[in-house]
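# Structural description and commentary
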Amino acid sequence: MTAGQAQGKVILLGEHAVVYGHPALCGALRDGVTVEAVPGEGLLSVPAWGKRIAAGAQGDALGQAYGAILRSLALSGRPLHHDFVVRFAIPTSAGLGSSAALAVALARTLDSVLGLGLAAGAVAEAALAAETVFHGRPSGLDHTVAQHGGFGLFRREQGLSPLPASSLPLCIGLTGRARDTRGRVERVAELYRQDPDGMQGRFAAIAALVQRGAKAVTEGDLAALGEAMNRNQQELRHLEVSCPEIESMCRIATDAGALGAKLTGGGGGGCVIAVAPGREAQVQEAWRRAGFASFVTSVGGRPS
Ligand code: MEV
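Residues numbered from 1 in each chain as written. Predicted model: local features only at pLDDT ≥ 70, side-chain atom pairs only at ≥ 80, totals over all residues. Heavy atoms only, no water.

### Some thoughts on the nonpolar core
If you look at the biggest cluster of nonpolar residues, it comprises 55 residues, and the most contacted ones within it are Val-10, Leu-12, Leu-25, Leu-225, Val-283 and Trp-287. The leading source of residues in this core is helix H6 (residues 196-219), at eight residues. Dropping the residues within four chain positions of it, Leu-25 is found in contact with Val-10, Ile-11, Leu-12, Leu-13, Gly-152, Leu-153, Leu-163, Val-210, Gly-213, Ala-214, Val-217 and Leu-225. Formed by 30 residues, the second largest nonpolar core is a distinct cluster that contains Ile-69, Leu-70, Val-86 and Ala-107. (Core = buried A, V, L, I, M, F, W, Y, C linked by side-chain atoms within 4.5 Å. Buried < 20%, exposed > 50% of the residue type's maximum accessible area, 1.4 Å probe, protein only. Helix = DSSP H or I, 4+ residues; strand = E, 2+ residues; numbered from the N terminus. Contact = heavy atoms within 4.5 Å.)

And the structure:
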């Protein structure tokens, strides 16, 4: 069996500002996406969504993204004798980078099944082409973390600078509402057009929190990381990328003893992350009582 794998991601600090060239603190999730090659006719199959589609399928973002990957790898029109079966070990549409992990894992599977001998840069380009279909004009953070794993500071055009930090246990709670990355990125762009100076001030404040958070994770100072996360969430609220579920989950987490909590990724729904060393079970229980599902994982490590 040939299967490619890639990890999901968490943005600990700095989403949205990263689109404008500021750094973001991010790490890979232990789990991610696997794409398995089975005998077939070149279709992409996602059993969890009941989907089996051709590359470039009209009106289907996944089919378009698949087509973009084949184009980027100069494989359009080449007969394929496999189907590609996608299995998610992380929630999808939740701000955890599942689409980027899918793209990287699919490029890796095509690479090994067809013996392409792709360089890392070609896999990255193919994944970016797919992410552009899904998200418009992404910063590139998601597919970079999906491909390289670990912990780091990501900057548009500069890529990921790894940080010497050990992996971090994290509570991840699901709002139950799909994240709205494209819509929220567009709203932030609208706010930027209306008030460039004000928004630059907010991005600078977020960038300072990112630097503080990077120092905190490197030194293992989770209280400082938690405080940076809480303050980043306040900024994100002003960027209009939060939602009532996110606000309520952050409050619940900190009331249950988390040192910090915030949305992660595009926002408008998706997930809340909370740092709660030794209090993970209490945070999960408080979320559960309020009707929110969650899991505890580690971020910043290599694949499980
Ligand atoms: C998406 O995971 C995070 C955003 O910053 C968008 C991007 O980086 O492309 C909202």
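### Structural notes on the environment of Met-229
Mapped onto the elements, Met-229 comes out in helix H7 (residues 222-238). Using a relative accessible area of 0% as the deciding quantity, one classes Met-229 as buried. Note: C-alpha distance between Met-229 and Lys-215 (14 residues apart in sequence) is 13 Å. Residue contacts for Met-229: discarding those within four places in its chain leaves Leu-12, Leu-13, Gly-260, Ala-261, Lys-262, Ile-273, Ala-274 and Val-275.

### Observations regarding the packing of helix H2 (residues 98-114) against helix H3 (residues 120-135)
Packing of H2 against H3 leaves a shortest axis separation of 9 Å and a crossing angle of 145°. The handedness of the crossing between H2 and H3 is right-handed. Between H2, through Ser-99, Ala-100, Ala-103, Val-104 and Ala-107, and H3, the contact on the second element is made entirely by Val-123, Ala-126, Ala-127, Ala-130, Glu-131, Phe-134 and His-135. Residue classes in the contact of H2 with H3 are distributed as nine nonpolar, two polar and one charged. (Axes fitted to C-alpha atoms, helices over the stretch in contact; angles between N-to-C directions. Left-handed = near helix turned anticlockwise from the far one by under 90°. Nonpolar A, V, L, I, M, F, W, Y, C, P; charged D, E, K, R; others polar.)

### Digging into the site of the ligand
Lining the immediate environment of the ligand, one finds Lys-9, Ile-11, Glu-15, His-16, Val-18, Val-19, Pro-138, Ser-139, Asp-142, Gly-265 and Gly-266. Taking Lys-9, its side chain carries an N or O atom lying 3.1 Å from an oxygen atom of the ligand. Between an oxygen atom of the ligand and a main-chain N or O atom of His-16, the distance comes to 2.9 Å. Its free accessible area being 290 Å², the ligand has 95% of it covered by the protein chains. (Near = heavy atom within 4 Å. Polar contact = N/O pair within 3.5 Å; in protein donor to acceptor, adjacent residues only side chain to side chain. Areas by Shrake-Rupley, 256 points an atom, 1.4 Å probe, with all protein chains shown as cover.)

### Digging into the environment of Thr-264
Counting through the fold element by element, Thr-264 comes out in strand E9 (residues 260-264). You can call Thr-264 buried: its relative accessible area is 1%. Not counting residues up to four positions away in its chain, the partners in contact with Thr-264 are Val-10, Ile-11, Glu-15, Gly-95, Leu-96, Cys-271 and Ile-273. Here the side chain of Thr-264 touches Ile-11 through a polar contact of 2.8 Å, landing on its backbone oxygen.

### Thoughts on the packing of aromatic side chains
Enumeration over the complete set of coordinates arrives at four aromatic pairs. Taking 6.1 Å as the distance between ring centres and 15° as the angle between the ring planes, the aromatic pair formed by Tyr-192 and Phe-203 counts as stacked. Linking Tyr-192 in helix H5 (residues 181-194) with Phe-203 in helix H6, this pair joins segments that are eleven residues apart in sequence. For Tyr-192, a relative accessible area of 22% gives the class partly exposed. (Phe/Tyr/Trp six-rings, centres within 6.5 Å; stacked < 30°, edge-to-face > 60°.)

No statement about biological role is implied by the geometric values presented.
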